[in-house]
Structure formats: structure tokens, C-alpha cells
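A closer look at the structure
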Amino acid sequence: MAAPDGPLVVGVDSSTQSTKALVVDTATGAVVARGQAPHVVTDEHDSDPEQWWRALAEAVDQCGPAARQAAAVSVAGQQHGLVTLDADGRPVRNALLWNDTRSAPQRDRLIDELGGPAEWARRTGSVPPPSFTVTKWAWLRENEPRAAAATRAVRLPHDYLTGRLTGQGVHGGTTDRGDASGSGWWSTATESYDEHILGRVGLDPDLLPRVVGAGEPAGTVAKGLPLPEGILVAAGTGDNMAGALGLGLAPGRPVLSLGTSGTVYAVSEQRPADPSGIVSGFADAWRGWLPLACTLNCTQAVDRFATLLGLDREATEPGGSAVVLPFLDGERTPDLPYATGLVHGLVHATSGGQVLQAAYDGAVFALLRALDLVLDDSADPGEPILLIGGGARGTAWRETVRRLSGRPVKVPRADELVALGAAAQAAGLLLGRAPAAVAREWDTAAGPEYPAVARDEEALARLDAALTDADALLRRR
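Residues numbered from 1 in each chain as written. Predicted model: local features only at pLDDT ≥ 70, side-chain atom pairs only at ≥ 80, totals over all residues. Heavy atoms only, no water.

1. Regarding the overall build of the protein chain
- Scanning the protein chain from N- to C-terminus turns up 17 helices and 24 strands.
- Scaling as 2.2 N^0.38, a compact globule of 477 residues should have a C-alpha radius of gyration of about 23 Å, and the protein chain matches this with 21 Å.
- The dimensions of the protein chain, computed from C-alpha atoms along their principal axes, are 65 × 55 × 45 Å.
- With 477 residues in all, the protein chain has 60% of them scored as buried.
- When contacts within the protein chain are restricted to residue pairs at least 6 apart in sequence, those whose partners lie at least 24 apart make up 73%.
- Per element, the accessible surface of the protein chain, about 17,900 Å² overall, is 49% carbon and sulfur.
- Counting 42 positive and 58 negative side-chain charges, the protein chain places the centres of these two groups 2 Å from one another. (Helix = DSSP H or I, 4+ residues; strand = E, 2+ residues; numbered from the N terminus. Rg over C-alpha atoms; globule rule 2.2 N^0.38 Å. Buried < 20%, exposed > 50% of the residue type's maximum accessible area, 1.4 Å probe, protein only. Contact = heavy atoms within 4.5 Å. Areas by Shrake-Rupley, 256 points an atom, 1.4 Å probe, with all protein chains shown as cover. Lys, Arg positive; Asp, Glu negative; His and termini not counted. Charge placed at Lys NZ, Arg CZ, Asp CG, Glu CD.)

See the structure below:
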């Protein structure tokens, strides 16, 4: 390894499917080492937190000597997961993940009990979908009361890993405002846990981690870990907040992330609170806000259509009248947790490639509907959409976003933006600076830009009409 220009930091991305670790030079943003280890997810969307820890250790170990020279580390993790720990800090059961919608009945009841969507938005900034942690805890208490009774600490995925790094255990855990804002029990209005909501779901606030402030460390690395003992551990954050840091995102720049889930978000200086529930009013990982809309069905759902059709994922064809609403796992945006996939408008002349293109259209359509709600009124409509995530490298995804948005699209060259954002957070802690400012100096958003094309109003109208006409079918339990 060539000598770095500045101190080294480690950024970790613990996602649904794997853990990735990057060792980054704080002076230049250059990635000097990387590692990755897989996770196993059950058919019920459960995952054993212990395997996340083993995957983190393996990914860091793959980074070799560079990781053992690091001066700080930060962990970004998949949002909303419910991690329940016993008195010894061991998982009581597998974690319930963000894409698990079994808590939809509890979500419906909680919204009514607290006074409706507007009251939830006023308190927490968001109307909770079934993915939010508060609904999962309510499900656990009703369906697995012995597991809930055995729980001595409740954590989000990144909190659990940060606690393992620092060795703080069940009584000294930490989280950050960004990830906490996706739990459903942290108030963006007061920037504290909402004890009324906690009382509604029977959760003792003493079981929750302390929310550390911007620029404040979570602790230091404990003994016996694959990192230098005593180096700084940053607060960490949720994966979407880390993605924003990784891009060095400034207000007014829209991001569309294409992964297992799809998200559209932007940094804002104004606290969001959308009573429609389309936009989640998250805090960011610093001192601002991150209004965000999320779909559960994105690249994985479209890939499933390609498999069913026996086609390569890029084998799309233009034209035709087919409409696909690819809600294979229920859906969050629009709020249809009981939905299944729907195909409409087939005729004899419809080709498989046209059906596949319709699946892309259906996945992108829901995200673009939320774009205007995510952006402030002052945002420039000509600002390029930053396209990130695994799908951003695909021509079919990129061209679908251009055609349905009518906006220019920019694809950053930097990959692993969540891990880069975690690294920027670690670097910011080490250097005493705002993490996004550090990432902007790394020029992480640089990449090719594709000009705007005329928006396909006909396709958008077909999708809108199909979604409206199928509403009762999509809500059927």
C-alpha cells in the first residue's frame, strides 16, 4: 500500500444482503482497501444479528494491514430493523428487517390510536409504514410475548454493531438522530424519544440507546477486535443518511437510489412532516433533515420479472400498452402493504420485452411521484437527479428514469456510497468537520451526466390510471 496523504478511516455498510468495509484516506477520499462478507436472510425477512457481526469482522479482516492503521471507524446500517437483546447482549430472536410487512395490522391500529396520520406526522415527522421499528415491536409483543418480555435492550441494526465495536453492552448503547428518526418512536419535533408513543406500544425508554449529537463519538474500539484498540467510533447512522453523506449532498439535489428497495431523497433545511405518508420526515446524520420516499419493490422485483420472462434484465423493448405494478412484497409507496404484483393491458401483440420495460416503468413511477414532495419549493427543477445504487449502472434503469422524469440524470462514478458516507462520518469526527463537507472535497458525486429527454406522459398516464382503477384489488387482504 502506498503511503496515504492523511489518516485512514474505516467505513462500514451493513446492508440487507452483506457487509462491506472500506479503508479510506481522509485527505483524498481514495479507497485503499476493501472487504465484503454475505448475510443470510430468511424467507420471512428475518436475519441473525450475530452474523452481521461476523460479517463485519470478516470484511474488515479482508482489508488487511490498512484496517489496522485506521484512526476512526463508523458503521452505517439498514434502517428500521428491530434488534432485541437479552441481559447478556445476545439477540433474543432474529431481527425483523425493514422489508418485513407482517406488522401491517399493528401499524393500522397504532395510526388510529394516536389520532391519525396528521398527528403522527406532527410528532415524528412521518406516518409509519409497516417497515418502521415501532410497528415491529408492537407485532412482537402481540405475537411473541415471551421474546418481548426477555428483551433488555432494543436496537437498530447499526446501533447493535456500534455497540459491539465499543463493547458498551445493553446499558451503554448509542444511536444517532438520523437512524432514530426512522424508528417511529423518536420525535423530530422535540429531537427526543416520544414517551407517549413508547407507552402506547409498551416499550420502556430505558431499553433504548442514547442519541449522540452531531460530531460526538459513540465511544472507542474495545479490545480483541479486528481494528486498533482505542480508536474513535463515530455515531454511525442509517444507510440512507450515510448515502447522503457519501455524496456530500447539499440542499436541493435529488437522489434516486435503485437497490433492493428504491428511494428518492434530498437534504433539506426545513423539518418535513407529510401527513399523506408518502414522504418520511427523517433527520439527516448531521443537523438537517432528509425527507425521503421509499418503495419496497425495485431492482429485485424487476429482476424477478426478467426471470419469469426468460429475458436478460436489459432486454427491454419500447412501445405497447402493458402496465406492471411490481408490488411483489407489498408496497410502502404507495401505501399498499397487502398488495401483490399486477400486470394489465396485455394484447396479442405484446412482447416479453415490452412487459419487462413496463416492470421498470412501474418501479420508477412510484419514486418519481414522490420527487416533488421531497424537494423544497426553492429547488431547481433542472438540477440533475443523482442516480445511485446497484441499478444505476444499468442502461435500462437509467433510460427509464430519464424518460419518465424529463430531467437530466447524473451517475456518480464512486460506488459503495453508504460505506463512503460512513467513512466521511468517521473522517469528520477525526478532523472536527461536517462529514458532507469532507465528502464534497473527495468529489464523490463526480460522474457522467445525461441530458433531459421529453417526459413520456402517455406511459405516466397509463400507470396512474391503472393504480387508481386497481385500488380495491391492491388493498385486498
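Right, picking up where we left off after that structure.
2. Looking at the UniProt feature "site: Important for activity" (unreviewed entry) in the protein chain
- Annotation from UniProt places "site: Important for activity" (unreviewed entry) at Asp13.
- Note on placement: Asp13 falls in strand E1 (residues 8–14).
- In this structure Asp13 comes out as buried when scored by relative accessible area, which is 7%.
- Other than its neighbours up to four places away in sequence, Asp13 contacts Ser18, Thr19, Lys20, Ala76, Val418 and Ala419. (UniProt positions renumbered as here; feature names shortened; annotations may be inferred.)

3. A word on helix H3 (residues 117–124)
- Burial in H3 covers these residues: Glu119, Trp120, Ala121, Arg123 and Thr124.
- The inward-facing, buried residues of H3 contact helix H2 (104–113), helix H4 (133–143), strand E10 (186–187), helix H8 (195–201) and strand E18 (280–283).

4. Details of the sheet that holds strand E17 (residues 262–265)
- Sheet architecture is open: seven strands sit in the order E18-E19-E17-E16-E22-E23-E24, paired in mixed fashion. With one partner strand each, in any of the chains shown, E18 and strand E24 (449–450) form the two edges of the open sheet.
- As paired strands, strand E16 (residues 255–258) and strand E22 (residues 385–388) are joined by three bridges and run parallel to one another. Bridging from a neighbouring strand, Val255 pairs with Leu386 of E22. (Pairing = 2+ DSSP bridges.)

5. Notes on the UniProt feature "binding site: substrate" (unreviewed entry) in the protein chain
- Cross-referencing UniProt, the feature "binding site: substrate" (unreviewed entry) maps to Gln79 and His80 in the present numbering. Cross-referencing the annotated residues with the largest pocket identifies Gln79 and His80 as lining it.
- Here Gln79 lies in the loop between strand E5 (72–77) and strand E6 (83–85).
- The contact partners of Gln79, leaving out residues within four places of it in the chain, are Trp98, Gly178, Asp179, Gly182, Gly238, Asp239, Asn240, Met241 and Phe282.
- Considering the arrangement of structural elements, one finds His80 in the loop between E5 and E6.
- Relative accessible area serves as the criterion here: at 4%, His80 is assigned to the buried category.
- Those residues in contact with His80, other than ones at most four positions away along the chain, are Leu96, Trp98, Ser131, Phe132, Thr133, Lys136, Leu156, Asp179, Gly182, Phe282 and Arg332. (1 Å grid on protein atoms, 1.4 Å probe; cavity = no way out; pocket = protein on both sides within 12 Å on 5 of 7 lines; lining within 4 Å.)

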